[in-house]
Amino acid sequence: MVTPQKDKQGKNAVTGLSDREERFCYEYVLHLNATKAAVNAGYRGSAVRVTASRLLSKANIQTRIKHLKDNLADTAEISALKIINEHSKIAFSSIAHLHQTWIERVDFDKLTDDQKASIKSISTKVLKKNVGTSDEPEIVDVEFVKIELFDKQKSLDSITQMLGYNAPTKHELLGKDGKDLFAKMTDDELDEKIKDLEDKLRR
């Protein structure tokens, strides 16, 4: 991240805002609440609401807020690469990564952040089970855990679309000699050919 240049008053040389004023603008875009934005930016005191109103009335702060709103992707630090990376965690995940054996699961704390990111939900259910015999029953509580991952196919489709892998394939029309059928046609001849094809499609 490039550190913004500061003027003699310690304010951003481009926006004219202090670090706290910049934080106020960011928080206001997040919450659309001036008082909450001021508190989160570090303004204190009984008159924080008045301070928030005063900040919001300043022209350079209004300009900065408008810029942040108009460029929400940059404000939230969202990029195409970041989106693809998140989809990749899901698209290339496997339920096998969550198990040591067919039955025994890996402790949640031992999962990597990428593996955790692929989990949509975890639910548990406790059922009664007889571990004894019919003559000497021994009923115990058995906990069953259901782990659901996010949809791999949707993420694969999203990655494919973002990278352009599903772009339409261009097909050339070739004659028997292997040459382009329309290469030597004039514009008028091409227009006439297209008109003939359209007429045939209407029939």
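The notes below deal with the structure included here.

Conventions we followed
What you see as residue numbers is a count from 1 along each chain, following the sequence as written. Predicted model: local features are reported for residues with pLDDT of at least 70 only, side-chain atom pairs are reported and counted for 80 or more only, and whole-chain, interface and lining totals are derived from all residues. Excluding hydrogens and water, the side-chain values take into account all heavy atoms of the structure. Secondary structure elements follow DSSP: runs of H or I no shorter than four residues count as helices, runs of E no shorter than two count as strands, and numbering proceeds from the N terminus. Only heavy atoms enter the contact rule, under which two residues are in contact if any of them lie within 4.5 Å. Stacked, tilted and edge-to-face are the three classes applied to pairs of Phe, Tyr and Trp rings, where Trp contributes its six-membered ring and a pair requires centres within 6.5 Å; stacked means planes under 30 degrees apart, edge-to-face means over 60, and tilted covers the rest. Criterion for a charge above a ring: Arg CZ or Lys NZ at most 6 Å from the ring centre, at most 35 degrees from the ring normal. Salt-bridge detection follows one rule: a side-chain nitrogen of Lys or Arg within 4 Å of a carboxyl oxygen of Asp or Glu. Three exposure classes are used, based on accessible area relative to the maximum for each residue type with a 1.4 Å probe and protein chains only: buried under 20%, partly exposed in between, and exposed over 50%. Multiplying one less than the number of residues by 1.5 Å gives the expected span of a helix. Nonpolar cores were defined as sets of buried Ala, Val, Leu, Ile, Met, Phe, Trp, Tyr and Cys residues, with membership established by side-chain atoms within 4.5 Å. In this analysis, a patch consists of residues with relative accessible area above 30% that form no salt bridge, clustered at 9 Å for like charges and at 5 Å for the nonpolar side chains Val, Leu, Ile, Met, Phe, Trp and Tyr. Only the protein chains shown count as covering a residue, and every accessible area follows the Shrake-Rupley method with a 1.4 Å probe. Lines fitted to the C-alpha atoms define the axes, with helices restricted to the stretch that makes contact. Angles between their N-to-C directions range from 0 to 180 degrees. For any pair of crossing helices, the crossing counts as left-handed if the nearer helix is rotated counterclockwise from the farther one by less than a right angle, and right-handed if it is rotated clockwise. Residues are grouped as follows: Ala, Val, Leu, Ile, Met, Phe, Trp, Tyr, Cys and Pro are nonpolar; Asp, Glu, Lys and Arg are charged; every other residue, Gly included, is polar. Residues scored as charged are limited to Lys and Arg (positive) and Asp and Glu (negative), so that His and the chain ends carry no count. The location of each charge is read from NZ of Lys, CZ of Arg, CG of Asp or CD of Glu. Two N or O atoms count as a polar contact when they lie within 3.5 Å, although within protein this holds only if one can serve as hydrogen donor and the other as acceptor, and sequence-adjacent residues are included solely when both atoms are side-chain atoms.

**Things to note about the environment of Ile 119**
Then, in step 1: Here Ile 119 shows up in strand E1 (residues 119-130).
Then, in step 2: Ile 119 sits 29 residues away from Glu 148 along the chain, and the two C-alpha atoms are 6.1 Å apart.
Then, in step 3: Beyond its immediate stretch of four places on either side in the chain, Ile 119 contacts Leu 98, Phe 108, Leu 111, Ile 147, Glu 148, Leu 149 and Phe 150.

**Comments concerning the packing of aromatic side chains**
Then, in step 1: Enumeration over the complete set of coordinates arrives at one aromatic pair.
Then, in step 2: Across the ring face of Tyr 43, the terminal group of Arg 20 is positioned such that the distance to the ring centre comes to 4.1 Å.

**Describing the pattern of salt bridges**
Then, in step 1: Evaluation of the coordinates by the stated rule reveals eight salt bridges.
Then, in step 2: For the salt bridge of Lys 89 with Glu 86, the shortest nitrogen-to-oxygen distance reads 2.7 Å. In this pair, Lys 89 and Glu 86 both sit in helix H6 (residues 80-91), three residues apart, roughly one turn of the helix.
Then, in step 3: Classification of Lys 89 by relative accessible area gives partly exposed; the value is 23%.
Then, in step 4: Of the charged contacts, one joins Lys 120 and Glu 148 as a salt bridge, the two residues approaching to 3.9 Å between their closest N and O atoms. Of this pair, Lys 120 sits in strand E1 while Glu 148 sits in strand E2 (residues 139-149); the two residues are 28 residues apart in sequence, bridging distant segments of the chain.
Then, in step 5: Where salt bridges share partners, they join Glu 86, Lys 89 and Asp 114 into one cluster.

**Re unusual backbone geometry**
Then, in step 1: One non-glycine residue with positive phi stands out, namely Leu 32, at about 55°.
Then, in step 2: Structurally, Leu 32 can be placed in the loop between helix H1 (19-31) and helix H2 (34-40).
Then, in step 3: We classify Leu 32 as exposed; its relative accessible area is 55%.

**A word on H1**
Then, in step 1: Compared with the 18 Å implied by 1.5 Å per residue over 13 residues, the 18 Å span of H1 between its first and last C-alpha is a close match.
Then, in step 2: Looking at the buried residues of H1, the elements they touch are H2, helix H3 (48-57), helix H4 (59-70) and helix H5 (72-75).
Then, in step 3: A positive backbone phi angle near 55° is found at Leu 32, which sits one or two residues after H1.

**Details of the nonpolar core**
Then, in step 1: Core analysis: the largest hydrophobic core is formed by 16 residues, its most contacted members being Phe 24, Cys 25, Ala 38, Tyr 43, Ile 61 and Ile 65.
Then, in step 2: For this core, the elements supplying multiple residues, two or more each, are H1, H2, H3 and H4.
Then, in step 3: Ranked by residues supplied to this core, first place goes to H1 with four residues.
Then, in step 4: Excluding anything up to four places from it in sequence, Phe 24 contacts Ala 34, Ala 37, Ala 38, Ala 41, Tyr 43, Ala 52, Leu 55, Leu 56 and Ile 61.
Then, in step 5: Counting residues in each nonpolar core, the second largest holds five residues, with Leu 98, Val 106, Leu 111 and Ile 119 among its members.

**Thoughts on the side chain of Ser 155**
Then, in step 1: Looking at the element boundaries, Ser 155 is found in helix H8 (residues 152-163).
Then, in step 2: When residues no more than four places from it in sequence are discounted, the contact partners of Ser 155 are His 87, Ile 90 and Ala 91.

**A word on a nonpolar patch on the surface**
Then, in step 1: Together, Ile 78, Ile 83, Met 162, Leu 163 and Tyr 165 give the surface a local cluster of nonpolar side chains, amounting to about 490 Å² of exposed area.
Then, in step 2: Mapping Tyr 165 onto the fold places it in the loop between H8 and helix H9 (187-202).

**Points about the packing of H6 against H8**
Then, in step 1: Direction vectors running N to C along H6 and H8 enclose 150°, while the axes themselves pass 8 Å from each other. The crossing of H6 and H8 is left-handed. Residue-level contacts link Ala 80, Ile 83, Ile 84, His 87, Ser 88, Ile 90 and Ala 91 of H6 to Lys 152, Ser 155, Leu 156, Ser 158, Ile 159, Met 162 and Leu 163 of H8.
Then, in step 2: A class-by-class count of the residues in the contact of H6 with H8 yields nine nonpolar, four polar and one charged.

**Comments concerning a negative patch on the surface**
Then, in step 1: Residues Asp 187, Asp 188, Glu 189, Asp 191, Glu 192 and Asp 196 make up a contiguous surface patch of negative charge.
Then, in step 2: Its location among the elements puts Asp 196 in helix H9.

**A word on H8**
Each α-helix winds once per 3.6 residues, and so residues spaced three or four apart point in a common direction.
Then, in step 1: If you check H8, its first and last C-alpha atoms are 17 Å apart, about what 12 residues at 1.5 Å a residue would give, namely 16 Å.
Then, in step 2: Two or three places before Gln 153, at the start of H8, stands the capping residue Asp 151, its side-chain oxygen 2.9 Å from that residue's backbone nitrogen.
Then, in step 3: Once H8 finishes, Gly 164 follows within two positions and takes phi at roughly 80°, a positive value.

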